[in-house]
Structures are given as structure tokens and as C-alpha cells.
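# Descriptive analysis of the structure
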Protein chains: 2
Amino acid sequence: MWYVNNFTEKLGISYPIIQAGMAGGVTTPELVAAVSNAGGLGTLGAGYMKANQVKEAIQQIKNLTDQPFAVNLFVPEKVELHAEEIEKANELLSPYREALQVDKPEVKAPNHISFKEQVEVIIEEKVDVCSFTFGLPSPAVINRLQAENIILIGTATTVNEARLVEKQGLDMVVMQGSEAGGHRGTFATDFSDAMIGTMSLVPQTVDHVKIPVIAAGGIMDGRGVLAALTLGAQAVQMGTCFVTAVESDAKPLHIDALLNSTEEETVVTSVISGKPARGIRNEFIEQMTPFEAVLPGYPILNSLTSPIRAEAAKQKRPEWIHLWSGQSPRLSQRIPAKAMIDQIIAKVNQLSISG
Amino acid sequence: MWYVNNFTEKLGISYPIIQAGMAGGVTTPELVAAVSNAGGLGTLGAGYMKANQVKEAIQQIKNLTDQPFAVNLFVPEKVELHAEEIEKANELLSPYREALQVDKPEVKAPNHISFKEQVEVIIEEKVDVCSFTFGLPSPAVINRLQAENIILIGTATTVNEARLVEKQGLDMVVMQGSEAGGHRGTFATDFSDAMIGTMSLVPQTVDHVKIPVIAAGGIMDGRGVLAALTLGAQAVQMGTCFVTAVESDAKPLHIDALLNSTEEETVVTSVISGKPARGIRNEFIEQMTPFEAVLPGYPILNSLTSPIRAEAAKQKRPEWIHLWSGQSPRLSQRIPAKAMIDQIIAKVNQLSISG
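Residues numbered from 1 in each chain as written. Chains lettered and ligands numbered in written order. Predicted model: local features only at pLDDT ≥ 70, side-chain atom pairs only at ≥ 80, totals over all residues. Heavy atoms only, no water.

## Some details on the overall build of chain A
The secondary structure content of chain A amounts to 14 helices and 11 strands. Computed over C-alpha atoms, the radius of gyration of chain A comes to 19 Å, within 12% of the 20 Å expected from 2.2 N^0.38 for 355 residues, which places it in the range of a compact globule. Its C-alpha atoms give chain A principal-axis dimensions of roughly 55 × 45 × 40 Å. Buried positions account for 61% of the 355 residues belonging to chain A. In chain A, the share of contacts with a sequence separation of at least 24, taken over all contacts with a separation of at least 6, comes to 67%. With the model as given, the accessible surface of chain A reaches about 13700 Å², and the carbon-plus-sulfur share is 48%. (Helix = DSSP H or I, 4+ residues; strand = E, 2+ residues; numbered from the N terminus. Rg over C-alpha atoms; globule rule 2.2 N^0.38 Å. Buried < 20%, exposed > 50% of the residue type's maximum accessible area, 1.4 Å probe, protein only. Contact = heavy atoms within 4.5 Å. Areas by Shrake-Rupley, 256 points an atom, 1.4 Å probe, with all protein chains shown as cover.)

## Observations concerning the side chain of Gln-19 of chain B
Residue and element names in this part refer to chain B. Along the chain, Gln-19 falls in strand E1 (residues 17-19). For Gln-19, a relative accessible area of 0% corresponds to the buried category. Not counting the four nearest positions on each side in its chain, Gln-19 is found in contact with Thr-27, Leu-31, Val-32, Val-35, Leu-41, Gly-42, Thr-43, Met-238 and Phe-242.

## Structural notes on the sheet that holds strand E7 (residues 182-183) of chain B
Residue and element names in this part refer to chain B. Across the sheet, three strands lie side by side as E7-E11-E10; this open sheet has antiparallel pairing. This sheet does not close on itself; its edge strands, each paired only once, are E7 and strand E10 (266-269). In the sheet, E7 pairs with strand E11 (residues 277-280) via two bridges, with the strands oriented antiparallel. The residue bridging Gly-182 from the neighbouring strand is Arg-278, located in E11. (Pairing = 2+ DSSP bridges.)

## A few points about the interface of chain B and chain A
Where interface size is quoted, it is often the accessible area lost as the parts come together. On the side of chain A, 40 residues touch chain B, which itself brings 40 residues to the contact. Around 3300 Å² of area is buried between chain B and chain A when both sides are counted, 51% of it from carbon and sulfur atoms. Sorting the residues of chain B by area buried against chain A places Met-199, Arg-223 and Glu-264 of chain B first, and these three jointly supply 21% of that buried surface. Summed over the shared surface of chain B and chain A, the number is four salt bridges. Between Arg-281 of chain B and Asp-193 of chain A there is a salt bridge; the shortest N-O distance is 2.9 Å. Across the chain B-chain A interface, the total number found is 22 residue pairs in polar contact (both at pLDDT 80 or more). Residue assignment for the side of chain B that touches chain A shows that the elements contributing at least two residues are helix H7 (159-168), helix H8 (198-206), helix H9 (222-230) and helix H14 (337-354) of chain B. Here the residues of the side of chain B that touches chain A sort into 14 nonpolar, 17 polar and nine charged. (Buried area = accessible area lost by both parts, 1.4 Å probe. Salt bridge = Lys/Arg side-chain N within 4 Å of Asp/Glu carboxyl O. Polar contact = N/O pair within 3.5 Å; in protein donor to acceptor, adjacent residues only side chain to side chain. Nonpolar A, V, L, I, M, F, W, Y, C, P; charged D, E, K, R; others polar.)

## Remarks on the packing of helix H4 (residues 83-100) of chain B against helix H13 (residues 300-314) of chain B
Residue and element names in this part refer to chain B. At their nearest, the axes of H4 and H13 sit 10 Å apart, and the two run at 5 degrees to each other. In this view, H4 runs roughly parallel relative to H13, as classed from their interaxial angle. Facing H4, whose interface residues are Ile-86, Ala-89, Asn-90, Leu-93, Tyr-96, Arg-97 and Leu-100, H13 presents Ile-300, Leu-304, Thr-305, Ile-308, Glu-311 and Ala-312. A per-class count over the contact of H4 with H13 returns nine nonpolar, two polar and two charged. (Axes fitted to C-alpha atoms, helices over the stretch in contact; angles between N-to-C directions. Parallel < 35°, antiparallel > 145°, perpendicular 65-115°, else oblique.)

## Let's talk about the relation of the copies chain B and chain A
Rotating chain B by 180 degrees about the axis while translating it 0.0 Å along that axis superimposes it on chain A, leaving an RMSD of 0.0 Å. The superposition of one copy onto the other is thereby described by a two-fold rotation axis. When each C-alpha of chain B is compared by its distance to the rotation axis, Ala-227 of chain B comes out closest, at 2.1 Å. By residue overlap, the copies meet face to face through one surface: 100% of the interface positions of chain B are interface positions in chain A. (Least-squares fit on C-alpha atoms with pLDDT ≥ 70 in both.)

Here is the structure:
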């Protein structure tokens, strides 16, 4: 059968479908467990979580499933704080804070130790799979995790980055096509040179690395899954389609936007977090884009805009929140994760047979 | 079999593979005929050709094949000449002209009558298929051609554009994903909102139009062809892979660049023709990009840079010519068109069976 391959056998799961580890509350323990119980690989998006929160969420997932699941972490980057840049950004953001009655946030140096603590939690909890975004974990971290038989997945956006992931010793690589929603995983080149469509990215990568390639970007249903496998991927990673899953904790405004948008409405912008990410265009993006070049980088800008976005969501102002989305929002459905996976499998089976 | 569908039956050809109608000399009668003789649909890229040249090329193709083939035309747009803008562009271009010893070109208003004459040639020669880029032909033109049983194919880059193509009465639509090389076919929206990856564009379009969808962008081999059909396309259109075909008349510098580039090296730029097009980045693009906003539009800029590019090619200066390419140049091969098609079919057969 089409779904029996190195990927599913190595992970001991039924279907080569990963639910992407979207940070920021989307990936509830309920969502992760529902995907894993349905035969896919659920992923806890733990990038923004403190170690104790990661531990708690993992334990909740374990209460809901005995199937393998993954945790996604952000590889920390060197961050420099520039007081003037932050002050300028805060000035630009003050009209939103005033309208929403949000206090000016204090910016602290991001605590890099938390990544190490997150990794320790992964080990303590014997998580099956750990995936990484925003670069390569150090050999020390890789060795620690692999010694515990934890499968490691990197994220890349070019063939060269995939080779670096392989050389660093990770077990698999997610290839993130330009269609993908949310943050770009680019780490070894200018992000604008790494906006490669999934149709181009996957076969070119498959030809140049030996580790399993996982396709991501634009895949929302059985057609996309089988197409990605046909291109040579061993599995797919799907994000946007799970944002609207019933078990997701995405903001209702975000879900509504996805269910009512078209492929022309997304844009890749750095004005929300300081790192390029694809989402549905709104007033905040339009108003801040002229200042994109002078805004601070990730994660500084993220911490400056985060309280604004949280309060805007509460006050039901979709024009000022982040609305991450890939380029296929027309294919969004508000259904349970299991129904999504069942539908995908049924479609792939149908297409495989009729092929 | 996978290759028997509405598309191949309607056209009376063996395989659902169109060789894109690349204007500017790539699509020699030999290339068009070789593709059609191999079971695909060759296309003469006639966008820049005068009616008598189109006629001559069609007759040459007919001497080489009795199989169906297509001619691609550019739908003319309203063009305004602004003397100051042209003068400014010519100033910016003067260093290249001086280095190459090229005369300053005279710019004449493009002769819109030639489109009508091209259409008359298509009718006189009873060409099987006529495809259009850069917008919608008028109802009068469509009626004239369809009265002669000529199959008409439009080009679109968004779902909305595909609907316009269908509503206008064309028979099929090429959906050009963001991966595609050469000119963007966008005609009803800002081009930057219409950079949709093939993986996203095809299934969303298939769900919203009834006419057959032809996938384009990033497709270079059997993997891409079967993936595109899996997404719901009835056929594929492939351009970049035929630029390096032995029968192509692309400049040797262009072919060398394709055979030696990676997915990170292409860029979408308007500085060559005045219309956004994807090609391999070179010095000309880098030097002219800062002036992109003040340069004249298509086809004015095209006529200003054309003599420079022609002479640069003669003097073997790849840094100053156009090097159109999609995002999959790593998959380029220097082989005859028939070998390309045979290889594609063999791969699709293998993948269909093993699926």
C-alpha cells in the first residue's frame, strides 16, 4: 500500500502525515492526540513554551493517546537588543496599543537556557520525535536526543539547507515550499532566495539527500498528499488544514479568516514577529509594511506585537492579529482532525486505485 | 491508462504534455514537431513574430509532423509611450550599449494590428490549438477561431483569472504556478498577489472551474507530471525542460546557465521586458533592479533591452542577457525532446504501477 514506507515503518505509525507543530496555542494536546490516534503524527508546537509548560502538555497528550507524537522546538538564535530600534518600533505600535488600551511591553533578553530545558523535558518524557525549526541544533543536543532513540527532524527551504540538515546528523528533513503558512524555516540563505514552490523543491531535494524528505507547503487534502509522495517525499507535513480543526485552539477570528479567504490574500511579511511568515493580509500588515526594514528582528518584534495581537483578538479585531495561512485557504474545512485524516486517506486510496 | 483523459481525447494526442510556447526563438519548428511526433503537444511561441513569420514557421512544422500542434499568441495590451520615461531608461541602459557598441534603439508604437494578422494565419493554416498569454482575446476573436474548430487555451495565475478564462469561452486553461519560468501570465490582479505555488494553485482551481486545467510551474519530469495530474490537472505544460532540448534554439549561454544553476538562483523581475518574468539572476538584473519602479512597461522596455541582449549573447556575456528559468533548473537535461518525453512517460508508468 502507498502508506507503507520507510517513514511510517520507522515511526511505527499508520500514515505518512505529520500535523505541523504550529507554536502559539494552535496545537492543543487534544489536536496532537487526535492526529496521532487517527494514524498520523501529531506535533506539539512548543517553540514559545517554557519547559514546565512543555512537560505539562506532553503529559496531557500521553493521557489522550498511546500513539507516537512529536514536539517541535525553535533553535535559538543570537539576539541583539538595540534600544533605539525597539523604541522606534514601540512608537510605531503605540496607536494600536492606545486603541486597545494595552501597556507598553518590557523587552527582556530572550532566555536561551530554555531551549536546553525544553530538550531535557523531551528526554525525560521519552518523546518519540523531536522536530526543529529555524536552524540546526548543536551536535551535543543531537547526540543527547539520539542516544535516547528520539527521531530528529530538521526543517529546510533549499536543497543546500537540506544537505546541511543531513550533514548535521538529523534523521529526516521537512522541505518547506513557498506555499507554506506561518514562519519560513530558512536559516542558511536570504529568505527571498528560498521561496521555492513545493513542486520544484521536493524532487530537487530528493535527488540530493539520502535522508527521508517530508513535503510541506500548500498540501491540504488527499490530492496534495499523493502528489507530494509522487514527487518523491516519504511523508507530508500539513499545518493550515489543522488550524481550522475542531480541536485547534486557534482564535475564532483566525479560523473565520481561513474559511473565507482565497489564494490571493496571503503575503509573506516580517512585520508581525520580525521573521518572514505567511499569513492573510490585514490592516496591521498593510500599515506596518512601509517600516519593515527598520523594525527589530525575531524574537524582539514578536514580543512587542504579541500583547497587541492578544488584546485585538479579545476585542474581535481581526485587522490587528496574525492570521497565518498557507496558499490554499480555499481548501480549509472546520471538521475534527480524525475526519480530516480519514478523508485524506480515502481520497489517496481512491486516487491510487484509479491511477 | 493514466494518459487517456478528456484532454488527450479532445486533442487526439497520446500524452497530456504541452511544450510551452516560449517566444523569442526557443521553439523552433524542429522542437515543436519533435514534441508532437513524440506524442505530446508542441507549441510555436509566436508572441514576437510577424504574421508572415508565423505562417512560415507553421508550414515548416507541418513539413516535419502530421500530428496536432499549437501556436501561442500574446494578447495585445494598450500601450502608452512616455518620451521621458523612455529617455530615462535609455540613459540607464547606455553603459551596456556602449560596452557592446550597440546603437540606441528607436521606439515605435507597437502595431496592434499584427495580433489580428496572426489570428488570420492561425485560421488560414487550420492550426489545431491556439493558446493565449497576457489576458483574454475578444469574443470576436474567440468566435472566429472556434468556428474553425480550433481549440483555445487561456493562461491564468489565480482562481479568479481561471474563472474569467472560462467565462470568456476558452476551452481550457493553463494554470501558471509561481515556480514557472519566463513571463507571468497575470492579467486581472497585481502580479505579486498571484505568485501561487503549483501545489496550491491547481487543486483550488480544479474545484472552481469546469474546463480542463493544465498545470504549469516547476514540472520537469515524470514525477512532476504525475503529481500535477494527481492534483486534478488534465495535462501539464512544461517550458524550462524544453529550453535545453537539443532542438531548442535558446542561446548556448542560456542553456549552459540552466544546466549549472540551482533553485536559489532564479528571481522574478520586470527589468528585462517591463513585465514580471522568472529567470536566473545575473549582473543586468542586479544592476537594474534599483530602477525597476521607474522603467517603462512591456513591451516598451523589451524593445529597449532587446538589442543589448542580442549583442551580449553574440559577445558571450551571460551577465547581460535574459536567462528565463523556472525554479527547477537542477532537473534540466541536454537531450532530444523525444528522449525527454519518453523518459517522462516511462517514469509515470513506473510510478503509476508501483502506486
